[in-house]
Amino acid sequence: MARETGPDPRAPGRAGGRRARLRPQPVPGHPPARGLRSVLSIRSVAGQMFLLQVSIVLLLVVAAVVALLIESRSDRYAAARDRSLAAAEAFAHSPGLVATMQGPDPSAVLQPLTEAARKGAQVDFIVVTDRNGIRYTHPEPAQIGKKFVGTIGPSLEGKITVEQVHGPLGLEYQVVVPVEDTRGGVVGIVSAGMKVANVSSAIDRQLPVVLGAGAVGLGLATAGTALVGRRLLRQTRGLGPEEMTRMYEHHDAVLHAVREGVVIVGGDGRVLLANDEARRLLDLPPEPEGRAVADLGLAPRATELLLSDRAITDEVLPVGDRLLAVNNRPTASGGGPSGSVATLRDSTELRALAGKAEVARGRLRLLYDASLAIGSTLDVRRTAEELARTACGEFCDYATVDLAEDVLRGEEPPTLTAGSEVRLLRVALAGVRDDSPLYPQDTLVRWAGSTPQAAGFVSGRSALIPEVSTDAGWRRQDVERTQAVLDFGLASLIAVPLTARGVLMGVACFWRGRDRGPFEDDELSLAEELAARAAVSIDNARRFTREHTMAVTLQHSLLPRELPEQSALDVAHRYLPAQAGVGGDWFDVIPLPGLRVALVVGDVVGHGVHAAATMGRLRTAVQNFSTLDLPPDELLGHLDELVAHLDQETAAAAGGLAITGATCLYAIYDPSTATCALARAGHPPPAVVHPDGTAELLDLPSGPPLGLGGMPFEAAEVRLPPGSDLVLYTDGLVEDRTRDIGVGLDVLTSVLSRPGRSPQEICEAVLDALLPARQSDDIALLVARTRVLEPDRTAEWEVARAPEEVARVRAAATRQLAEWGLDEAAFVTELVLSELVTNAVRYATAPIRVRLLYDRTLICEVSDGSSTAPHLRYAVAEDEGGRGLFLVAQLTERWGVRYTPGGKIIWAEQLV
């Protein structure tokens, strides 16, 4: 089983294993907690100092204890001597001692007395002897009469002797005192003392107390030393002497090698440390340490910053030709000694680099602003103006944009040869002042082939002219104007061709005045970048202009150029293409037989050329279907089938599902009856303005949009009094991104509810009220005021199915023509009526009616109840019939057949 290894003790910051991860982490800003074992580690300076201090304290405590013991023993020996001497002298000089000793039995008398005195004096023995040293008394009675152990010679001479001897009690400490009589003669001696063992035992009893006091002192000293060691450990961070030395050497090397000056000033204003870089930057004298800052010969501002007791951050200090960034921090704020630490950094080169970086940032900001400002619209002129405004001010004093006229029309300019004259239209001019002598806006400039503008437009290469006064090619353009430009103060020029997708469209010129200095080489790339971004936007606008022009041209070619002449309606119309691109809205006014008029409004979904082309196909289809004189609902049915067929064609070509999508409203107005038949396919309902000014939306059946199929269309017939206005429109008029269609319809009816206005005035009023600010869809508006055919311009007869009715009808028609003053048309009219009535009487069914209508033309109508239509054919020589319709077709302007719910009507129209 593998043994888990712990972290390297030499790397306290390195985690290793689960044990290392479970250790409590130190609080930031505080040293980690360390035990006594860490403190006592002999590896660190703190551990070594701790051991040294503990050893010293221990030696001091031992020495103190030894000294205390020695002093205590000496004191106790002196006390024993003094006590023994006092007891011996007191007893030797006691009254009656000499007489007792000279008495018959000294021992009997003196033994009790000496014992009592011994106990009272707290000594071990008091012995009385004669001059020969024979004991009279002793604490042990067996020793009485024996020889005294000790030195008695000096005492016999009257001296006191202090000594240690091995007596009967053991090793003894004793004092010998002579006993003198009244004549001064020594009659005996008295010795008092204590055994050495008794003296030592007293000292031993005091030794634990002394040792305990020493241990307490040692503990206190050790604790204090440990605290000092911990603080030292915190300050040295556990480093050993060699590491401390190496660290100091490294710090000293770094301090003097770093390219940042460091000056440490004490609280008394004297320099504590100054590295080599600080001496170089401040030009300090040799060995500045220990000298007052005020005596170093520095500038007052430098002295003030070094002696400041406040925090200073990146304050610029000029010293000679240098700019120093000074940072100063007081040392007392962190609990350290009073003073400050100042760092100095030479920012002269940094300032230069910062200036270059600021220029680069300004150019990037200019390009970023250009990306946002240039190309906001698909308009060539607007894009050129945005380029000039963006560059002017920050990059140059004046900016111009010249484009070929073909670009403004959406076309590509022709390729020119080198040295050719270039004709460009100035489409944009921006500057700090409005009175510059440059060519004004909308001026067609003929640039000479030697100018930078012409050369750049032909070659596609940019030109930088630091001093235009020395450019001979530019000065040949226009002597008076170029001199005026120089006198105005413009001195430097950059000409950049506007090229995108290989198409040269124009030239952008950037001018600077003499006070701003000339353009530099690196600024040419910035001008080219600006021009390149603008060129792409200009080319996009050019392409859009071309496509928009093509689509508008196509659309207008497919819309009615002018309305046909007719007498049934007074029509006014408006068509406004979308601003973003043409769409598929259309309208039409189609004259029909019988003085009737068809009104059509439609809308193809989408924008662009495809929508315009689809609109043209649908409009043509409606016109073709109208020649068949179909009712509105049937016409929309045929149109729906056509749109479905177009969808199938588009899907087959595109390989997927495609829906054209279109709406249409078709109306037929008959002035003879003042009725209007209408049908719609997904289109907004029309509005009717009555002669009294009231307006309403017609409630017509709403069919599906064209192309969906599956649902029949329904028609409705309404009666419109003379002077009524029928208003047809597309959804772009009433619906907008910011307006619901319901709101638009309410506004429409409100605007229409006003009498006494002509159709033209109604169109203007409607557009003023409903035209959106940003038109995103086409708008088609058709206002038709109804008229009725006068009763005296109509003649009608019932015809029975009898051959003789033909003659009667001819006679009645001739009389009616005479009343109308159309005698010249009587012959043709009689012939036409004879053929048509004869065919009706012979082949058709009742009822048969004949009607003459006189307006711009003369119309003859013969109706019957049969749905069989006659056909025009060429009759051969043997045929007995078949020439009637041929004659009618030859004699009249046009003829045709239309079907009604009750049969058919054959009509013929002739000019009168």
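The shown structure was predicted, so the numbers you read here are calculated from the model rather than taken from an experiment. (Residues numbered from 1 in each chain as written. Predicted model: local features only at pLDDT ≥ 70, side-chain atom pairs only at ≥ 80, totals over all residues. Heavy atoms only, no water.)

**A short note on the packing of aromatic side chains**
Scanning all chains against the criterion turns up six aromatic pairs. Taking 5.4 Å as the distance between ring centres and 40° as the angle between the ring planes, the aromatic pair formed by Phe395 and Phe519 counts as tilted. Here Phe395 is found in the loop between α12 (380-391) and β10 (398-403), whereas its partner Phe519 is found in the loop between β15 (503-513) and α17 (521-558), with 124 residues between them in sequence. Accessibility assignment for this pair places Phe395 and Phe519 in one class, buried. Among the aromatic residues, ring-to-ring pairing joins Phe395, Phe510 and Phe519 into one connected group. (Phe/Tyr/Trp six-rings, centres within 6.5 Å; stacked < 30°, edge-to-face > 60°. Helix = DSSP H or I, 4+ residues; strand = E, 2+ residues; numbered from the N terminus. Buried < 20%, exposed > 50% of the residue type's maximum accessible area, 1.4 Å probe, protein only.)

**Examining the pattern of salt bridges**
In this structure the tally under the stated criterion is 35 salt bridges. Measuring nitrogen to oxygen at the nearest pair gives 2.6 Å for the salt bridge that ties Glu277 to Arg280. A residue pair is termed a helical-turn pair when its members lie 3 or 4 positions apart in one helix, as Glu277 and Arg280 do in helix α9 (residues 276-282) at three residues. Residue Glu861 is joined to Arg851 by a salt bridge in which the shortest nitrogen-to-oxygen separation is 2.8 Å. (Salt bridge = Lys/Arg side-chain N within 4 Å of Asp/Glu carboxyl O.)

**Considering helix α24 (residues 826-843)**
Helix length check: α24 (18 residues) gives 25 Å between terminal C-alpha atoms against 26 Å at 1.5 Å per residue, within 8%. Taken together, the buried positions of α24 are Ala826, Val828, Thr829, Val832, Leu833, Ser834, Leu836, Val837, Ala840 and Val841. Looking at the buried residues of α24, the elements they touch are β27 (794-799), α23 (805-820), β28 (848-854), β29 (857-864), α25 (884-891) and β31 (903-911). (Expected span 1.5 Å × (residues − 1). Contact = heavy atoms within 4.5 Å.)

**Digging into the pairing of strand β19 (residues 662-670)**
β19 sits mainly inside the fold: nine of its nine residues count as buried. Burial of β19 is two-sided: the residues Ala662, Cys664, Tyr666, Ile668 and Asp670 facing one way and the residues Thr663, Leu665, Ala667 and Tyr669 facing the other way are all buried. In this sheet, β19 lies alongside strand β18 (residues 597-607) in antiparallel orientation, the contact comprising eight bridges. From the neighbouring strand, Val601 faces β19, where its bridge partner is Leu665. The sheet contact formed by β19 and strand β20 (residues 675-681) spans seven bridges and is antiparallel. Following the sheet pairing, Asp670 is matched in β20 by Thr675. Where β19 folds back on β20, the antiparallel hairpin that results is connected by four residues, among which Ala674 adopts a positive phi of roughly 60°. (Pairing = 2+ DSSP bridges.)

**Thoughts on the side chain of Arg574**
Mapped onto the fold, Arg574 is located in strand β16 (residues 569-576). Here the side chain of Arg574 touches Gln760 through a polar contact of 3.0 Å, side chain to side chain. Polar contacts involving the side chain of Arg574 include one to the side chain of Glu764, which spans 2.6 Å. Here Arg574 is in contact with Gln760, Cys763, Glu764, Leu767, Ile779, Ala780 and Leu781, once residues within four sequence places are set aside. (Polar contact = N/O pair within 3.5 Å; in protein donor to acceptor, adjacent residues only side chain to side chain.)

**A short note on the packing of helix α21 (residues 741-752) against helix α22 (residues 759-770)**
Running from N to C, α21 and α22 point in directions that differ by 145°, and their axes come no closer than 10 Å. For the crossing formed where α21 meets α22, the hand is right-handed. Of the residues in α22, those in contact with Gly744, Val747, Leu748, Val751 and Leu752 of α21 are Ile762, Ala765, Val766, Ala769 and Leu770. (Axes fitted to C-alpha atoms, helices over the stretch in contact; angles between N-to-C directions. Left-handed = near helix turned anticlockwise from the far one by under 90°.)

**Observations concerning the confidence of the model for the protein**
Per-residue confidence for the protein gives a mean pLDDT of 82; residues scoring 70 or more make up 86%. Taking the mean pLDDT of every element in the protein, the minimum, 33, falls on helix α1 (residues 17-22) and the maximum, 96, on strand β25 (residues 725-729). Low pLDDT, under 50, characterises residues 1-40; the stretch is placed with 28 contacts to residues that sit more than four places away or in other chains. (pLDDT = per-residue confidence, 0-100.)

**Let's talk about the sheet that holds strand β14 (residues 490-500)**
One open sheet accounts for six strands, arranged β12-β11-β10-β15-β14-β13; its pairing is antiparallel. Bordering the open sheet on either side are β12 (444-447) and β13 (463-465), each of which pairs with just one other strand. Across the sheet, the mean angle from the axis of one strand to that of its neighbour is 25°, orientation sign disregarded. Where β13 and β14 come together, three bridges link them in antiparallel fashion. Pairing of Leu464 across the sheet is with Ile494, part of β14. Contacts between α17 and the sheet are confined to β10, β13, β14 and β15, with β14 contributing the most and set at about 40° to the helix.

**So, the nonpolar core**
If you look at the biggest cluster of nonpolar residues, it comprises 59 residues, and the most contacted ones within it are Phe395, Leu498, Phe510 and Trp511. Of all the elements, α17 adds the most residues to this core, at nine residues. Of all hydrophobic cores here, the second largest spans 51 residues; its members include Leu592, Phe625, Leu706 and Leu726. (Core = buried A, V, L, I, M, F, W, Y, C linked by side-chain atoms within 4.5 Å.)

**A look at unusual backbone geometry**
Omega for the bond connecting Ala846 with Pro847 falls within 30 degrees of zero, at -5°, which places this linkage in the cis form. Its place among the elements puts Pro847 in the loop between α24 and β28. Even without glycine at this site, Asp442 takes up a positive phi of about 65°. Of note, Asp442 is situated in the loop between β11 (422-431) and β12. In this model, Leu595 sits at a positive phi of 65°, which is unusual for a non-glycine residue.

**Brief notes about α25**
Among all positions in α25, only Gly884, Leu885 and Val888 are buried. Projected down its long axis, α25 shows its buried positions confined to an angular sector of 95°, all on one face. Looking at the buried residues of α25, the elements they touch are α24, β30 (894-900) and β31. (Arc of directions from axis to C-beta.)

**Some words on the packing of α23 against α24**
It is the contact of α23 with α24, at a shortest axis distance of 9 Å, that shows an interaxial angle of 150°. Relative to α24, the element α23 lies roughly antiparallel. For α23 against α24, the interelement crossing comes out right-handed. Residues Val806, Val809, Arg810, Ala813, Thr814 and Leu817 of α23 pack against Ala826, Thr829, Glu830, Leu833, Ser834, Val837 and Thr838 of α24. In terms of residue class, the contact of α23 with α24 is built from seven nonpolar, four polar and two charged. (Parallel < 35°, antiparallel > 145°, perpendicular 65-115°, else oblique. Nonpolar A, V, L, I, M, F, W, Y, C, P; charged D, E, K, R; others polar.)

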